[in-house]
Amino acid sequence: MSEQYQNVTVEQLYYSYTKTPLIHDLSFDFKAGELFNVVGPNGAGKTTLLYLLGGIIKPQTGQVLLDGIPLSSFKRQALARIMTIIPAESNIAFDFTVYDIVSMGRYPYHSPLASLTNNDHNIIREVIEQTGLTKYEDKVFNQLSSGERQRVLIARALAQKTSILLMDEPTVHLDVHYQSDIYRLAKSLAHDENLSVFMISHDLNYTSMYSDRIMLMHEGRIVKIGIPDDIFQPELLSDVYGTSLSVYPHPKTDKPTIWPD
Amino acid sequence: MKNRKILLFTIPFCWIFIFLFCWKSGTVTITWEQLKNTVFGAAASDQTNIILLQVRLPRLLLAALTGSTLSLTGAVFQALLRNPLADPYILGISGGSALGAVVAMGFGLHLMIFGFQIVPIFAICGALLTILFVYNFSRIGNYLPTHTMLLAGISLQAMLSALILFLQTLLDPLQLMQVFTWLMGNIPTPEYGNLLWIFLYVVLAIGVILPQARNLNALTLGELDAQIVGIDVERLKKILFFACSLLTGSIVALTGLIGFVGIIIPHLLRLLIGPDHRRLLPACVIAGSIFMVIADTLSRALLSPTEIPVGVITALIGGPFFLFLLWKNKRNGMR
């Protein structure tokens, strides 16, 4: 795992596709060992921001820095050893197996003509086990449920052994059991393995339970950045989400939980 | 693993046997003995030598190149567009090549300039212009929506066909006949000089495409996913577009429009050896050439001495076979 390039700084990022800006003058940072969540209503610009952070799209002004080095100065393959994205969903036109797809996570470490080493295969098996996919290893990706596919994409990202992980609503297709698993995994990657984890989440209660810091976005701008208690204020949330919401402490953990009125 | 090794040994022998068998088959009966004598330069009659070396061999070699090219470009476009039914025809690239070639033929540019044949060059340029148009027309920023690209390709193919028909009305009867038989899809008997040029183009393009096999695997999950695992997608697409134009243009210039091979062969091979392009692409080169050599031999031999255009053969073998595959997949509940 690369110990370099763990801290991400965003400076006055601006991106527009039509006349209305999608991302408007954003500045923030997140660090190694931190689970940094982004919440906000649909169309707040969360996924656009994730693509800007991942270098998939280029900002009109402003920049993203990795430990002070501009993102734009990295080659694609080098960048894939530093950061990876878990997309919201993927599908494939052909019958690749789970193992095939997870092994693509090792591509950044080799030239196109090289074959995978024993070390690669060990890493692939390890992340397949870590994501509970061992019995699906030889199954065809397209024949899996959307929740299982999501875990394959997570396994592929883990196989890249990056220091920065960008997750785009990873729990959107998962049932409760796996939702908790994913949040726990994200938190453990940040706290135990010292990764920088940036995660877009739609589930405010899970975010409240697991997140270290939360950024609330609305219409391409930052509303507030802070710990769960700072962000989950009834007036603030009701205002941003445009519906009346209440906040109560969780009976066991005392973390704020969010309920519609 | 052991099966694969056996396969690797048997395939070249099968290939050579089929090639030799097709070489000796045709209107004039030639025995294995005569074929052996010609190959080893022993005394065979002049007539047999001419039939084998001047008439049949260059044509079989061109058929092999054509089959490899059509299957390989089919497989590449299917991965690029993430659509199992894509091929150079659907994207209008063959149409672009054909228009380029018709323009060159119409102006009587059968000549060479600096040793380059003009018709293939026009066809390659036609292919490249078409793909650049379809690609740039369809893309939105960094994003290339597949359905827009397919629709743009289909519309362009229709317009290009219309232009080809229009140009045909301007040709004199002799040229018209030539262009007409060519468009139906035929393997002609090329001169060795032309064959060498086409061979060089094809080898160059294959040399560019095969090392990208792994990257094509990642691309079948989509451009975002390919970028995530570190592939410079824009560069990859440019390389592949260029190489496929080179392949399609140089082949279409000689053989016209031969359908179905680019869809059938990659499909069949995916069922046999799986979707991994590191195996699929070389397999397309080999299986495509065998298929086309057989199809061309049938086109010569079935109604001998009359020839059936090979495009008719590929469609008549390919169409039902393709339907059978779809039917089988449907019954197996696969996709």
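Quick caveat, the model's predicted, so the values are computed rather than measured.

Definitions and limits used
Residues numbered from 1 in each chain as written. Chains lettered and ligands numbered in written order. Predicted model: local features only at pLDDT ≥ 70, side-chain atom pairs only at ≥ 80, totals over all residues. Helix = DSSP H or I, 4+ residues; strand = E, 2+ residues; numbered from the N terminus. Rg over C-alpha atoms; globule rule 2.2 N^0.38 Å. Buried ≥ 20, exposed ≤ 12 C-beta atoms within 10 Å, placed from the backbone. Contact = placed C-beta atoms within 7 Å. Domains from an automatic or database assignment. Nonpolar A, V, L, I, M, F, W, Y, C, P; charged D, E, K, R; others polar. Expected span 1.5 Å × (residues − 1). Arc of directions from axis to C-beta. Pairing = 2+ DSSP bridges. Axes fitted to C-alpha atoms, helices over the stretch in contact; angles between N-to-C directions. Core = buried A, V, L, I, M, F, W, Y, C linked by C-beta atoms within 7 Å. Parallel < 35°, antiparallel > 145°, perpendicular 65-115°, else oblique. Left-handed = near helix turned anticlockwise from the far one by under 90°.

On to the overall build of chain B, then. Of the regular secondary structure elements, chain B holds 14 helices and two strands. Relative to the 2.2 N^0.38 estimate, which gives 20 Å for 335 residues, the radius of gyration of chain B is 20 Å and therefore close to what a compact globule would have. C-alpha atoms of chain B, sized along the principal axes, occupy 65 × 60 × 40 Å. Relative to its 335 residues, chain B shows a buried fraction of 44%. The long-range share in chain B, meaning contacts at least 24 apart out of those at least 6 apart in sequence, stands at 75%.

Residue and element names in this part refer to chain A. In terms of domains, chain A is made up of domain 1 (1-82 + 162-226) and domain 2 (94-161). Taking only C-alpha atoms, the centre of domain 1 and the centre of domain 2 are 23 Å apart. Between domain 1 and domain 2, the contact holds 11 residues from the first and nine residues from the second. For the side of domain 1 that touches domain 2, the per-class residue count stands at six nonpolar, three polar and two charged.

Okay, helix α4 (residues 118-130) of chain A next. Residue and element names in this part refer to chain A. The end-to-end C-alpha distance of α4 is 18 Å, a good match for the 18 Å that 13 residues give at a rise of 1.5 Å each. For α4, the set of buried residues is I123, I124, V127 and I128. The buried residues of α4 occupy an angular sector of 135° when projected down its axis, which confines them to one face. In this structure, α4 carries N118, N119, N122 and E129 as exposed residues pointing more than 90 degrees from its buried face. Lining the buried residues of α4 we find α3 (98-103) and α5 (146-159). Count one or two residues on from α4 and you reach G132, which has phi positive near 70°.

To continue, consider the environment of S188 of chain A. Counting through the fold element by element, S188 of chain A comes out in helix α6 (residues 176-191). Taking the C-alpha atoms as reference points, S188 of chain A and L22 of chain A, 166 residues apart in sequence, are found 32 Å from one another.

This brings us to the sheet that holds strand β6 (residues 83-86) of chain A. Residues and elements named next belong to chain A. The six strands lie next to each other as β6-β7-β8-β3-β9-β10, forming an open sheet whose pairing is mixed. Each of the sheet's edge strands pairs with one partner strand only, and the pair in question is β6 and β10 (221-226). Going across the sheet, the axis of each strand differs from the next one's by a mean of 15°, ignoring polarity. For β6 and strand β7 (residues 164-168), the ladder comprises four bridges, and the chain directions are parallel. Across the sheet, I86 pairs through a bridge with M167, a residue of β7.

This part takes up the interface of chain A and chain B. At the junction of the two partners, chain A supplies 24 residues and chain B supplies 27 residues. For the side of chain A that touches chain B, the elements supplying multiple residues, two or more each, are α2 (76-79) and β6 of chain A. Looking at which element gives the most residues to the side of chain A that touches chain B, the answer is α2 of chain A, with three residues. The residue inventory of the side of chain A that touches chain B, partitioned by class, reads 16 nonpolar, five polar and three charged.

All names here are of chain A. Read across the open sheet, the four strands follow the order β2-β1-β4-β5; overall the sheet is antiparallel. The open sheet has two edge strands, β2 (21-30) and β5 (69-70), and neither has a second partner. Pairing of strand β1 (residues 8-16) with β2 involves six bridges; the strand directions are antiparallel. From the neighbouring strand, T9 faces β2, where its bridge partner is D29. Against the sheet, helix α1 (residues 46-53) makes contact with β1, β2 and β4 (61-66), and its axis sits at roughly 60° relative to β2, the strand it touches most.

Residues and elements named next belong to chain A. Inspection of the sheet shows β1 paired to β4 by five bridges, in the antiparallel sense. Within β4, the position partnered with V8 by the bridge is L66. In this structure, the hairpin formed by β1 and β2 is closed by a connection of four residues.

Membership of the largest hydrophobic core comes to 166 residues, with the highest contact counts inside it found for V197 of chain A together with V76, A101 and C284 of chain B. Considering every element that reaches this core, the biggest residue donor is helix α3 (residues 46-80) of chain B, with 14 residues. Two domains each put at least three residues into this core: domain 1 (1-82 + 162-226) and domain 2 (94-161) of chain A. Residues within four places of V197 of chain A in sequence aside, it is in contact with L35, F36, L165, M167, A186, L189 and A190 of chain A.

As a further point, take unusual backbone geometry. Residue and element names in this part refer to chain A. Unusually for a residue other than glycine, Q12 sits at a positive phi of about 40°. Inspection of the secondary structure assignment puts Q12 in strand β1. Unusually for a residue other than glycine, D25 sits at a positive phi of about 55°.

In this section: helix α11 (residues 233-255) of chain B. Residues and elements named next belong to chain B. For α11, with 23 residues, the first-to-last C-alpha span of 32 Å sits near the 33 Å given by 1.5 Å per residue. In terms of burial, α11 is a largely internal element, 17 of the 23 residues being buried. At the exit of α11 stands G256, carrying a positive phi of roughly 75°.

Residues and elements named next belong to chain B. The geometry of helix α5 (residues 118-138) relative to α11 is characterised by a closest axis approach of 7 Å and an angle of 140° between their N-to-C directions. Between α5 and α11, the crossing angle belongs to the class labelled oblique. The crossing of α5 and α11 is right-handed. On α11, the residues touching V119, P120, A123, I124, G126, A127, L128, I131 and Y135 of α5 are F241, F242, S245, L246, T248, G249, S250, V252 and A253. Of the residues in the contact of α5 with α11, the class split is 13 nonpolar, five polar and no charged.

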